[in-house]
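Single-letter residue listing:
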Amino acid sequence: MSRLSSTGDTPTAELASDHLRKALIDRLRSAIGDALVDSYLVAGVDVWVRVRADAWRQAGLALRDQLGMDYFCYLSAIDWMPSPFGRSEDDPTAEVTERDDTIRQGYAGGETRFQMLARVVSSSTHVGINIKADVSENDLTVESWIPVYTGANWHERETWEMFGINFAGHPDLRHMYLPTEFEGFPLRKDFPLLARLVKPWPGIADVEPMPGVSGDDEGGE
Amino acid sequence: MGAVFAADIPYWGQSLLRALGGAVAVLLPAGTIVYVFLFKLMSFMQSRLGPMEAGPYGSMQLFAEVGKWLQKEDLYPDRADRFLFKSAPLVVLLSTFMLVVAVPFGPDAIFTNFDNGVLYVLAVSSISVLGILMAGWASANKYSLLGGLRAAGQLIAYELPMVLAVVGVVIQAETMNMQTIVVKQNAGSIFGWDGIGNPYILTQFVGFLVFMIAVQAELTQAPFDMPIAESELVAGYMTEYSGFRFLIFFIAEFATAGVFSLLASTMFLGGWGLPWSWFNWSSLDEVHNVMNVVGPLIMVTKMMLVAFIIMWARFSYPRLREDQLQKFAWKFLIPVALGNIAVTSILKVAF
Amino acid sequence: MTMIDERRQLSYIAAQAADARVNVELETEGMTLNIGPQHPATHGTLRIIARLDGEQVVWAEPSAGYMHRGYEKLTEVRTFPQITALVNRIDWLGSFANEVPFILAAEQLMGIEAPPRAQHIRTILFELSRIANVSLFLGDLGVQLGAITPVFMAFRDREYVLNLIEAATGGRFHPNFDRIGGLKDDLPKGWLEDTKASMHKLRTFCGEIEDLLFGNEIFQARTRGVGIIPKEVALQYGLSGANLRASGVDWDLRRDQSLPMAWDKVDWKVWTHPDGDCFARCWIRLQEVREATKIVDQLCDTVPSGPIMAKVPRIIKVPEGEAWVSTENPLGEMGYYVVSKGDTGPFRVKIRSASFNNISITPWLLKGVLVPDIITILASLYFILGDIDR
């Protein structure tokens, strides 16, 4: 079961990686101090950290320069508000029961509805880190990561286009995918998925009778 | 039959024959090359069959295509320069007709017997550049313009290797008269051995190679098809043409391929004749009339051989970028052709 | 290497000079050329706006989004099996490979692993989709450069792989075969022998393409030294897959992370190239196809027996949590960040597609190149529109 590759072995035993992941958290804390608000480690799997929004670029620089994270994977955002339209899978004729609309953030906590999410990886140790930042709804701005990773340009354009988060210092913040005149920010949860509004989903267990079989009544739901 | 080809056909009859012959000499090679090489050879090389529906084995496909192109709408872009746009394909086709006039098909089956046939041919072949430039400019389309400009640069650059390659033949034949070149090749001998006459391809193989490469570039075939680089410029200078005008470009492209093949077989492969030694001829007087009929057939065969090489290279090679193409012409082909001339001259004087 | 440095310097100088000419000389305006969205060269509806000075590019910018289908919004209203069907269509040439990271993320959240037989067959189908995808790239490479013959061989030999995928999954292009906990069905009888026979044919195809295309001097003249991406720039932009390995970075997600798939059970090699030019990228993909055929051969010999699906409930509710899984897809690194709240479907899915990052480098890369080189560079970066636009 040996593996031939053009360089030597890379440590892939889980314990080694966890050791590296813990070291990442420690090094980041020593680099940016209390701007690192929270962290979360899933053993053998991955590591999450959360930083303050005003330290977003600073954290990026620390990740690149001090933690050796030279590979920029992606940058995006998460809107933690549950969709007021539900999952659009319920019977549209039934009464709308109460929907739970509390905002519950995920790993590494959070206090705001919008959170930045980015991932960077080290090309030498192949260990990556997910980094989040709370973005306050009153001031939906974070600093641009372009001075940190040039590739962030397109990702920030897409995040702005989809969520409405501004990136201070971005030279050319314009639409990536949508036409220039498009209004609204589609990936926000309060922006409805128009296809489901136009034609409601007929139901999760959508069973039609087989052709030729005498069905009891038309349509399961 | 022989009487038809006797020398006392009235002048108007000869002119009619010449006009008809000209049309046939241009369209027949075009059609044959298109069917045999473009439809069938290319398909077989690409492990597919090609057109099979129209006629037995797709032989009527060409007529079907002609019919299709003819019945299309006569479009031209709004901002195109009308006169230039309409006349550009005709200019390109015109140059083909003017080229074929100088090719001899038999001892008497000629359109005209230029004393400076080679010079005339080389001069006239540049007229197509004008047509292409006109097409590129008049189309009011950036793609066409780019294609036209690329074509102009390329075609002018590759005129020179073509000229220089042919000079070696002229030196060896001591004449520019195409008819004399053919006769000399068939009647001649190599160092006294006349088993196959003296086809200039043997002694002028370098010249033949340079000529073939230059012809490939003159026809804007791959690897020199920058002007029509399909994956970049859609169709280059031909982008805005459709219907009958595109058909003329299409015919002109393959007709020119045919005519250049005819020229190559005239100058390098012995033209319409067969080596005299095979039949123990001392002159062509007895077989004049026969050769007037057989000569064109032999020319067609030799033309197909040369066209095969042109088309084979076209389907196999990727295309060169235009700066690489220019470098190749100026820094490689021209010095090689000049060297060929030098060596030929030395050997001609020595032997 | 000096040739490449020299070329790099020259193209930088040319870009600066071209820029200066366009700005200063008012008579000769630069021409703005629009390549696409309908164009024979781009793999779909990509539009490149290029400002030219003669034949040289002063500034070029791709304009994506003509095929944006709103995947990330669609996933918010679908269940996990429905998303599997949806996600096939991101990179439609190597479809099965799109499903795998998503299913693995869901399985990670559920804390289950597919049985070994399912893992093994997943890996076989993954590598088959890599072969299907990249062999088309090899044929298409010829067409972009003007050689019209290799593409027919590519399509002909790709049919073998597509037939295999169809025999196993029922779909040539969109298998929709992966399920949380395993695969939908077991393999048909005789499939493994057929696969090995087809792999032999594909190795022949690779040899043919190597002779016909890569050995050709014109091909080498068109691709060597063109579009050089240095290693640091590649990492900054998040280039992945063959593009990254062509710049000298030894990184392959199949080898460098432990996923419940079968790559660590076979012998195979990771290919890198120091040059970082178009030729390197194309050459590495050729070697990867060969390597994939060898992987499939070895995997077909060692398929373990057992169940094809773990015990999962019929309607699956994935527990609350977040997971990121990325795999070495044919186009590069494709990953899914799945946020689940305990429903039958995810709360948010972020799709990290390889071509998005790969193409984001083109504004930087295309400065100062000639128009034909635009096509060569785009061909060598190799993108699928569905992957850029999602």
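Because the structure is predicted, anything quoted here is derived from the model rather than measured.

Conventions we followed
- Residues numbered from 1 in each chain as written.
- Chains lettered and ligands numbered in written order.
- Predicted model: local features only at pLDDT ≥ 70, side-chain atom pairs only at ≥ 80, totals over all residues.
- Helix = DSSP H or I, 4+ residues; strand = E, 2+ residues; numbered from the N terminus.
- Buried ≥ 20, exposed ≤ 12 C-beta atoms within 10 Å, placed from the backbone.
- Contact = placed C-beta atoms within 7 Å.
- Rg over C-alpha atoms; globule rule 2.2 N^0.38 Å.
- Pairing = 2+ DSSP bridges.
- Axes fitted to C-alpha atoms, helices over the stretch in contact; angles between N-to-C directions.
- Nonpolar A, V, L, I, M, F, W, Y, C, P; charged D, E, K, R; others polar.
- Arc of directions from axis to C-beta.
- pLDDT = per-residue confidence, 0-100.
- Parallel < 35°, antiparallel > 145°, perpendicular 65-115°, else oblique.
- Left-handed = near helix turned anticlockwise from the far one by under 90°.
- Core = buried A, V, L, I, M, F, W, Y, C linked by C-beta atoms within 7 Å.

Things to note about the overall build of chain A
So, point 1. Broken down by element type, chain A carries four helices and seven strands.
So, point 2. Tracing chain A from N to C terminus, the helices and strands come up as α-β-β-α-β-β-β-β-α-β-α.
So, point 3. Out of the 221 residues in chain A, the part that is buried amounts to 35%.
So, point 4. The contacts in chain A between residues at least 6 apart in sequence include a share of 62% that link residues at least 24 apart.

Re the overall build of chain B
So, point 1. For chain B, the helix and strand inventory stands at 14 helices and zero strands.
So, point 2. Compactness check: chain B gives a C-alpha radius of gyration of 21 Å against a globular reference of 20 Å for 351 residues, within 12% of the reference.
So, point 3. The dimensions of chain B, computed from C-alpha atoms along their principal axes, are 65 × 50 × 40 Å.
So, point 4. Within the span of chain B, comprising 351 residues, buried residues form 47% of the whole.
So, point 5. Taking all contacts inside chain B whose residues are at least 6 apart in sequence as the whole, residues at least 24 apart take part in 81%.

Quick look at the sheet that holds strand β6 (residues 321-328) of chain C
All names here are of chain C.
So, point 1. With antiparallel pairing, three strands are arranged side by side in an open sheet as β6-β7-β8. Both outer strands of the open sheet, β6 and β8 (348-352), are each paired with one neighbouring strand and no more. Each neighbouring strand pair of the sheet contributes to a mean axis angle of 10°, computed without reference to strand direction.
So, point 2. Pairing between strand β7 (residues 333-340) and β8: five bridges, direction antiparallel. Residue pairing in the sheet places Tyr-337 in a bridge with Lys-350 of β8.
So, point 3. Across the face of the sheet, helix α4 (residues 95-110) comes into contact with β6 and β7 while running at roughly 145° to β6.

Comments concerning the interface of chain C and chain B
So, point 1. Listed per partner, the contact involves 25 residues of chain C and 24 residues of chain B.
So, point 2. Counting residues per element, the ones that place at least two in the side of chain C that touches chain B are β1 (31-35), α5 (116-145), α6 (150-169), α8 (217-223) and α15 (371-381) of chain C.
So, point 3. Of the residues contributing to the side of chain C that touches chain B, the split by class is 17 nonpolar, five polar and three charged.

Regarding helix α3 (residues 80-87) of chain C
All names here are of chain C.
So, point 1. Listing the buried residues of α3 in full gives Phe-80, Ile-83, Thr-84, Leu-86 and Val-87. Summarising the axial view, the buried residues of α3 lie within an arc of 165°, below the 170-degree limit, and thus occupy one face.
So, point 2. Looking at the buried side of α3, the elements it contacts are α2 (71-74), α4 and β4 (178-179).

A short note on the confidence of the model for chain B
Residues and elements named next belong to chain B.
So, point 1. Chain-level pLDDT for chain B is 83 on average; 95% of the residues reach the 70-or-more range.
So, point 2. Ignoring residues within four places in sequence, the model shows residues 1-5, a span with pLDDT below 50, making four contacts including any to other chains.
So, point 3. Across the interfaces of the predicted complex, the ipTM metric reaches 0.86, alongside a pTM of 0.85.

Brief notes about the pairing of strand β5 (residues 128-135) of chain A
Residue and element names in this part refer to chain A.
So, point 1. Most of β5 sits out of view: eight of its eight residues are buried.
So, point 2. Residue alternation in β5 divides its side chains into two sets, Gly-128, Asn-130, Lys-132 and Asp-134 and Ile-129, Ile-131, Ala-133 and Val-135, and both sets are buried.
So, point 3. When strand β2 (residues 46-51) meets β5, the two strands line up parallel, connected through four bridges. Across the sheet, Val-51 pairs through a bridge with Ala-133, a residue of β5.
So, point 4. In this sheet, β5 lies alongside strand β4 (residues 114-121) in antiparallel orientation, the contact comprising eight bridges. Residue Ala-118 lies in a different strand from β5, and its bridge partner there is Ile-131.
So, point 5. Turn length for the β4-β5 hairpin, with the two strands adjacent in sequence and antiparallel, is six residues, and the turn residue His-126 shows positive phi of about 60°.

As for the sheet that holds strand β2 (residues 47-53) of chain C
Sheet strands pair via backbone hydrogen bonds, and the direction of the pair is either parallel or antiparallel.
All names here are of chain C.
So, point 1. Across the sheet, three strands lie side by side as β1-β2-β3; this open sheet has antiparallel pairing. At either margin of the open sheet sits one strand with a lone partner, and together these are β1 and β3 (56-63). On average, each strand axis in the sheet is inclined to that of its neighbour by 20°, with strand direction left out of account.
So, point 2. As paired strands, β1 and β2 are joined by five bridges and run antiparallel to one another. By the bridge assignment for β2, Ile-35 is matched with Ile-48.

Some remarks on the packing of helix α1 (residues 11-45) of chain B against helix α3 (residues 82-100) of chain B
All names here are of chain B.
So, point 1. Following both chains from N to C, one finds α1 and α3 inclined at 115°, their axes separated by 10 Å at the closest point. Regarding the angle of α1 to α3, the classification is roughly perpendicular. With respect to the hand of their crossing, α1 and α3 are arranged in right-handed fashion. Residue-level inspection shows Gly-22, Ala-25 and Val-26 of α1 in contact with α3, the latter providing Thr-96, Phe-97 and Val-100.
So, point 2. For the contact of α1 with α3, the per-class residue count stands at four nonpolar, two polar and no charged.

Side note on the nonpolar core
So, point 1. The biggest cluster of nonpolar side chains holds 272 residues, and the ones touching the most others in it are Phe211(B), Ala214(B), Ala264(B), Ala105(C), Ala106(C) and Ile374(C).
So, point 2. By residue number, the principal contributor to this core is α5(C), which donates 15 residues.
So, point 3. Each residue touching Phe211(B), except ones within four places of it in the same chain, is listed here: Met162(B), Ala165(B), Val166(B) and Ala264(B).

Focus: the interface of chain C and chain A
So, point 1. Counting residues at the interface gives 40 residues for chain C and 41 residues for chain A.
So, point 2. Counting only elements with at least two residues in the side of chain C that touches chain A, the list comes to α2, α9 (231-237), α11 (253-256), β6, β7, β8 and α13 (354-360) of chain C.
So, point 3. Class assignment of the residues belonging to the side of chain C that touches chain A gives a composition of 12 nonpolar, 12 polar and 16 charged.

Considerations on unusual backbone geometry
So, point 1. A positive phi angle, close to 60°, is found at Glu174(B), a residue other than glycine.
So, point 2. Inspection of the secondary structure assignment puts Glu174(B) in the loop between α6 (142-173) and α7 (178-187).
So, point 3. Positive phi outside glycine occurs at Tyr382(C), with the angle close to 55°.
So, point 4. Looking at the element boundaries, Tyr382(C) is found in the loop between α15 and α16 (385-389).

Notes on the pairing of β2(C)
Successive residues of a regular strand alternate their side chains across the two faces of the sheet.
Residues and elements named next belong to chain C.
So, point 1. When β2 meets β3, the two strands line up antiparallel, connected through seven bridges. Within β3, the residue paired with Arg-51 across the bridge is Trp-59.
So, point 2. Here β2 hands over to β3 after two residues, with Gly-54 in that stretch at a positive phi of 75°.

Focus on the packing of helix α11 (residues 244-268) of chain B against helix α13 (residues 288-316) of chain B
Residue and element names in this part refer to chain B.
So, point 1. Put simply, α11 and α13 touch, their axes get as near as 8 Å, and they point 115° apart. Viewed along their axes, α11 and α13 adopt a mutual orientation that is roughly perpendicular. The handedness of the crossing between α11 and α13 is right-handed. Contacts between α11 and α13 involve Ala-257, Gly-258, Ser-261, Leu-262, Ala-264 and Ser-265 from the former and Met-299, Lys-302, Met-303, Val-306, Ala-307 and Ile-310 from the latter.
So, point 2. Residue composition of the contact of α11 with α13, grouped by class: eight nonpolar, three polar and one charged.

A closer look at the environment of Gln144(C)
All names here are of chain C.
So, point 1. Mapped onto the secondary structure, Gln-144 falls in helix α5.
So, point 2. Exposure remark for Gln-144: the 26 C-beta atoms within 10 Å place this residue in the buried category.
So, point 3. The spatial distance from the C-alpha of Gln-144 to the C-alpha of Leu-378 is 9.2 Å, given a sequence separation of 234 residues.

Remarks on the environment of Lys201(C)
Residue and element names in this part refer to chain C.
So, point 1. Looking at where Lys-201 falls in the secondary structure, it is placed in helix α7 (residues 191-214).
So, point 2. Along the primary structure Lys-201 and Gly-142 are separated by 59 residues, whereas in three dimensions their C-alpha atoms are 20 Å apart.
So, point 3. Non-local contacts of Lys-201, meaning those with residues more than four positions away in its chain, are made with Asp-157 and Tyr-160.

Details of the environment of Asp250(C)
So, point 1. Relative to the helices and strands, Asp250(C) is located in the loop between α10 (242-246) and α11.
So, point 2. In this structure the C-alpha to C-alpha distance between Asp250(C) and Leu299(C), which are 49 residues apart in sequence, comes to 24 Å.

Notes on the confidence of the model for chain A
So, point 1. Here chain A averages 79 in pLDDT, while 78% of its residues score no lower than 70.
So, point 2. Note on residues 215-221 of chain A: pLDDT is under 50 here. Beyond four places in sequence and across chains, it has eight contacts.

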